[in-house]
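Breakdown of the fold
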Amino acid sequence: MKAYWWKFLAAGLVFYSIIGGFLFPVPELPILHETIRNTYFHIPMWFAMILLYVISVVYSIKYLSSGETKHDLLAVESVNVGIIFCGFGLITGMLWADVTWGEPWPNDPKLNGSAIATLMYLAYLVLRNALDEEQKRAKISAIYNIFAFPVMIVLLFILPRLTDSLHPGNGGNPAFSNLDMDGTMRAVFYPAVLGWMLIGVWITTLRYRYRLIDWEQ
Amino acid sequence: MKKLILLVLLGLTSFFHSFAQSSNDVEMADVLRSSGKIYVVVAVVCVIFVGFIIYLFTIDRKISRLENKKK
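From a predicted model like this one, the values you see are computed outputs, not experimental measurements. (Residues numbered from 1 in each chain as written. Chains lettered and ligands numbered in written order. Predicted model: local features only at pLDDT ≥ 70, side-chain atom pairs only at ≥ 80, totals over all residues. Heavy atoms only, no water.)

1. Topic: the interface of chain B and chain A
When the parts of a complex come together, some accessible area is lost, and that lost area is often used as the size of the interface. Counting residues at the interface gives 27 residues for chain B, matched by 29 residues for chain A. When chain B packs against chain A, the two sides together hide about 2,600 Å² of surface, and 74% of this comes from carbon and sulfur. The interface formed by chain B and chain A contains 4 salt bridges. One salt bridge connects A:Arg209 with B:Asp60, and the closest N-O pair in it is separated by 3.1 Å. Here chain B and chain A share 8 residue pairs in polar contact (both at pLDDT 80 or more) between them. Considering every element that reaches the side of chain B that touches chain A, the biggest residue donor is helix 3 (residues 38-70) of chain B, with 20 residues. For the side of chain B that touches chain A, the residue count by class is 18 nonpolar, 3 polar and 6 charged. (Contact = heavy atoms within 4.5 Å. Buried area = accessible area lost by both parts, 1.4 Å probe. Salt bridge = Lys/Arg side-chain N within 4 Å of Asp/Glu carboxyl O. Polar contact = N/O pair within 3.5 Å; in protein donor to acceptor, adjacent residues only side chain to side chain. Helix = DSSP H or I, 4+ residues; strand = E, 2+ residues; numbered from the N terminus. Nonpolar A, V, L, I, M, F, W, Y, C, P; charged D, E, K, R; others polar.)

See below:
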């Protein structure tokens, strides 16, 4: 019997964030209006993606030191699920940007950085499919993954901070400052982030366990 | 004298105008909330999410069964 408690925790946290996210009061800000509630749903997608990419790079390093195929399988499944969350983040972000920033894809360093990062991780999956030999594939893709990860961090978190960005937390102003978020919002936002991260990990473990059974046969 | 009164009035209007533009005037979906229709939306999203979670649990159980069978 696998431990199920954290899966119920994940479901409960996101469930709470859905109810709280729609019904609890939010700061009344111009331009944003009610769309400020997107904070509870759009941003946790990116948090889940980052966590999955971190897991992926950790297991890529582990693979290089151990040479065990299951580490490689976990690394690739983390990226597979991370890409899904990335897609959700991009689509929801475009919908949100359309009403607040006036166009779905304004020329913003964070957006362009995320596009490049997405392409990088898609290239990782393409690279894997291009190599036939199992060990070679695992080793080359692990090295690629280790190089891709810091570039992704730079594209998403460092370059947007150096220039002006439309996103809060960039161009000098701190993220999640008291200007944008009050206590009620935090009480919904952090559980939502944790819940979605756990759900991302849960889906990854499902895919990984399935992949492992498939590989052992 | 007339000019002074006009000036004071002008000053007052701009003073009240600045109040009118404070954050209390931001348009929020208050009607949706007071009519209670927002609960319908919340219920719909909750149903979808609970269904999604149940689906994940069934997949989880199925994989566990497969793992047990292999051992």
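2. Thoughts on the pattern of salt bridges
In total, this model carries 8 salt bridges over all chains according to the counting rule given. Residues joined by salt bridges that share partners form a network here, namely A:Lys7, A:Arg209, B:Asp60 and B:Glu67.

3. Re the packing of helix 2 (residues 39-66) of chain A against helix 6 (residues 183-216) of chain A
Between two packed helices, the angle of one axis relative to the other and the distance separating the axes together describe the packing. Residues and elements named next belong to chain A. The N-to-C vectors of helix 2 and helix 6 enclose an angle of 40°; their axes lie 8 Å apart at closest approach. Here helix 6 runs oblique to helix 2, going by the angle between their axes. Both helix 2 and helix 6 take part in a crossing whose hand is right-handed. Contacts between helix 2 and helix 6 involve Thr 39, Tyr 40, Ile 43, Pro 44, Met 45, Phe 47, Ala 48, Leu 51, Leu 52 and Ile 55 from the first element and Met 185, Val 188, Phe 189, Ala 192, Val 193, Trp 196, Met 197, Gly 200, Val 201 and Thr 204 from the second. (Axes fitted to C-alpha atoms, helices over the stretch in contact; angles between N-to-C directions. Parallel < 35°, antiparallel > 145°, perpendicular 65-115°, else oblique. Left-handed = near helix turned anticlockwise from the far one by under 90°.)

4. Re unusual backbone geometry
Residue and element names in this part refer to chain A. Despite not being glycine, Ile 31 shows a phi value in the positive range, around 70°. Under the relative-accessibility criterion, Ile 31 is labelled exposed at 59%. Positive phi, normally seen in glycine, also occurs at His 33, with a value near 50°. As for its position among the elements, His 33 is in the loop between helix 1 (5-23) and helix 2. Here His 33 falls in the partly exposed class, since its relative accessible area comes to 28%. (Buried < 20%, exposed > 50% of the residue type's maximum accessible area, 1.4 Å probe, protein only.)

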